[in-house]
Amino acid sequence: MVIAGKLCFTWFGPTPVLNIMDSDMLKEIFSRINEFEKPHPKAIGDLFISGLLEIEGEKWAKHRKIINPAFHYEKLKNVVTATCSSCEEMIRGWEKQCLAGEVDVWPPLQHLTGDVLYRAAFGGNYDQAKSIILLQQEQMSLTYKVLQFAFIPGWSLLPTKLQKRMKEIDHKVRGLLEDVVTKREKAMKEGGVDEDDLLGLLLKSNMKEIQESGHQKGMSIEDVIQECKAFNLAGQESASVLLTWTLILLSKYQDWQDRAREEVLRVFGNNKPDFDGLSRLKIVSMILNEVLRLYPPVFMTMRTVHKKTKLGDIQIPPGVLLFVPIILIHHDPEIWGDDAKEFNPDRFSEGVSKSTKNKLCFFPFGSGPRTCIGQNFAFLETKVALTLILQSFKVQLSPSYKHVPIPLFTIHPQYGVPLILTRIRSNSLIRN
Ligand code: HEM
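Definitions and limits used
Residues numbered from 1 in each chain as written. Predicted model: local features only at pLDDT ≥ 70, side-chain atom pairs only at ≥ 80, totals over all residues. Heavy atoms only, no water. UniProt positions renumbered as here; feature names shortened; annotations may be inferred. Near = heavy atom within 4 Å. Polar contact = N/O pair within 3.5 Å; in protein donor to acceptor, adjacent residues only side chain to side chain. Helix = DSSP H or I, 4+ residues; strand = E, 2+ residues; numbered from the N terminus. Nonpolar A, V, L, I, M, F, W, Y, C, P; charged D, E, K, R; others polar. Donors = N, O, S within 2.8 Å, 3.2 Å for Na, K, Ca; no water. Buried < 20%, exposed > 50% of the residue type's maximum accessible area, 1.4 Å probe, protein only. Pairing = 2+ DSSP bridges. Contact = heavy atoms within 4.5 Å. Axes fitted to C-alpha atoms, helices over the stretch in contact; angles between N-to-C directions. pLDDT = per-residue confidence, 0-100. Parallel < 35°, antiparallel > 145°, perpendicular 65-115°, else oblique. Left-handed = near helix turned anticlockwise from the far one by under 90°. Arc of directions from axis to C-beta.

Going by what an unreviewed UniProt entry lists, the protein is known as Cytochrome P450 and is assigned to Eucalyptus grandis. Per UniProt, the protein carries the Cofactor (unreviewed entry) text "heme".

In structure tokens, the structure reads:
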């Protein structure tokens, strides 16, 4: 039922839902974080999200303050180094595979972003992270199944096979992360390691709290593990999805691929991308924004209303779930024009605020205080990977590619992404 303009009322099982597409209301929802809070995922029986993604109020603010320094732009130089190392390994693999025919780039891109996250945020590598990532991927598809039953009251309390497996996965992931965390903690205590990556900062805050207060007041080791779990999920999945849809669209729109490659070669030649040069990639940024508009990896977000409140002229009772359908707003012809569904990076040629006329209608990373903390991380990693790929290959869609985007928390290509990769240099190892 449409209430007024861009407001639509529905039900999700027993829960009343308001779909919000109005720019002014969205600004309110994203900024008034005490009234419109993130819904607690346990309310729908899932177990996989935790940490910064779900916590509320003061605890969230405290955690975010601790973590923020690891995400300052200058601090993210290690993302560039980590992506270069990891991407070179991937490209070497593709060079061998492409001689034998097409390459399904979807699994390697998922590995890539997992590896980058581990190297840059946790000081490890993909081999250590592999089991955790695979378990979390399984957890996500199980959670998706759970959601289909979530409207049946009490279903989440039943001891079903699904619930049992989810608990088992949660337990295993927790154990694996505990191992990563305690190893680093030991190394830090022995004085060997003092890194300001994400894990280092989380652990330093834990140690500082203990030293200062003599007892645990701040981020406990349990909190640290939960945060690592959340970052694993948030940091790996969406970035791989962005890179994947970018390669699909550049394969489809060869003119944009040529323009992106020209720019990459103008800025870096055949050298490895460096931190400062990445900010000069204007065409690549326009392309990434357009991919994020058409295929926003996180295609919707939610808030819940905790106490009776007013949004615009409407009184909203507590318990209402607010759905923010990012993808629908990004595809709205009233905002983006008749070509809203077409790939046209030129619409971002004068920057995001010009193309959105300063309305809140493009927000692939959310908005307001609870906006994505990893936005710069994701942009750097994607630009580096794209630079190295475009320096090495011309990419085309294989005739076997089927265009079936499916929403599985993020938008996945259901049948993978078989590409034909043509090497454009005899030796694609990038110069230092
Ligand atoms: C293309 C890649 C990415 C996209 C599209 C994306 C998108 C989003 C969105 C839409 C939200 C929810 C915002 C809201 O509800 O207002 C979010 C939250 C979050 N993201 Fe990302 N994200 C990406 C990459 C990353 C990366 C690489 C990391 C970490 C390294 C990360 C960490 C987080 C965290 C921790 C939150 C919760 C923030 C909070 O509640 O304070 N994300 N992201």
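Before going further, it helps to spend a moment on the site of the ligand. Taken together, 29 residues lie around the ligand, and Trp60, Arg64, Thr301, Arg303 and Cys372 are the ones closest in. One of the side-chain N or O atoms of Arg303 is found 2.8 Å from an oxygen atom in the ligand. Broken down by secondary-structure element, the contributors of at least two residues to the shell around the ligand are α2 (57-67), α8 (221-252), β6 (301-305) and α15 (375-392). A breakdown of the residues in the shell around the ligand according to their chemical character gives 18 nonpolar, seven polar and four charged.

Moving on to the coordination of the iron atom of the ligand. Exactly one donor from the protein chain reaches the iron atom of the ligand: Cys372 (SG), at 2.3 Å. As for its placement among the helices and strands, Cys372 is situated in the loop between α14 (352-355) and α15.

Now for the pairing of β6. Within β6, four of the five residues are buried, leaving the element largely enclosed by the surrounding structure. Of the strand pairs in this sheet, β6 and strand β9 (residues 321-324) are connected by four bridges, and their pairing is antiparallel. Note on β9: the bridge partner recorded for Met302 is Phe323.

Our next topic: the sheet that holds strand β13 (residues 418-423). In space, the three strands of this open sheet follow the order β5-β13-β10, with antiparallel pairing throughout. In this open sheet, the two edge strands, each paired with only one partner strand, are β5 (103-104) and β10 (393-397). Direction of pairing for β10 relative to β13: antiparallel, over a ladder of five bridges. Bridge pairing links Gln396 to Ile420 in β13. Lying on the sheet, α8 is in contact with β10 and β13; it crosses β10 at an angle near 85°.

The next subject is the confidence of the model for the protein. Taken as a whole, the protein shows an average pLDDT of 86; of its residues, 88% reach a score of 70 or greater. Low pLDDT, under 50, characterises residues 44-48; the predicted model gives this stretch 20 contacts beyond four residues in sequence or across chains. This complex was scored by the predictor with a pTM of 0.91 and an ipTM of 0.99.

Structurally, His412 is set in strand β12 (residues 410-413). On the accessibility criterion, His412 (13% relative accessible area) is buried. Apart from residues lying up to four places away in sequence, His412 is in contact with Trp106, Glu237, Val241, Trp245, Val404, Pro405 and Ile406.

A separate point is the packing of helix α6 (residues 161-189) against α8. At their nearest, the axes of α6 and α8 sit 9 Å apart, and the two run at 115° to each other. Our classification of the angle between α6 and α8 gives roughly perpendicular. As for how α6 packs across α8, the hand of that crossing is right-handed. On the side of α6, the interface is formed by Asp170, Val173, Arg174, Leu177, Glu178, Val181 and Glu185, while α8 contributes Ile221, Glu222, Val224, Ile225, Cys228, Lys229 and Asn232. Class assignment of the residues belonging to the contact of α6 with α8 gives a composition of seven nonpolar, one polar and six charged.

Buried residues of α2: Trp60, His63, Arg64, Ile66 and Ile67, and no others. Buried residues of α2, viewed axially, fall in a sector of 160°; they line one side. Set apart from the buried face of α2 by more than 90 degrees, the exposed residues are Glu58 and Lys65.

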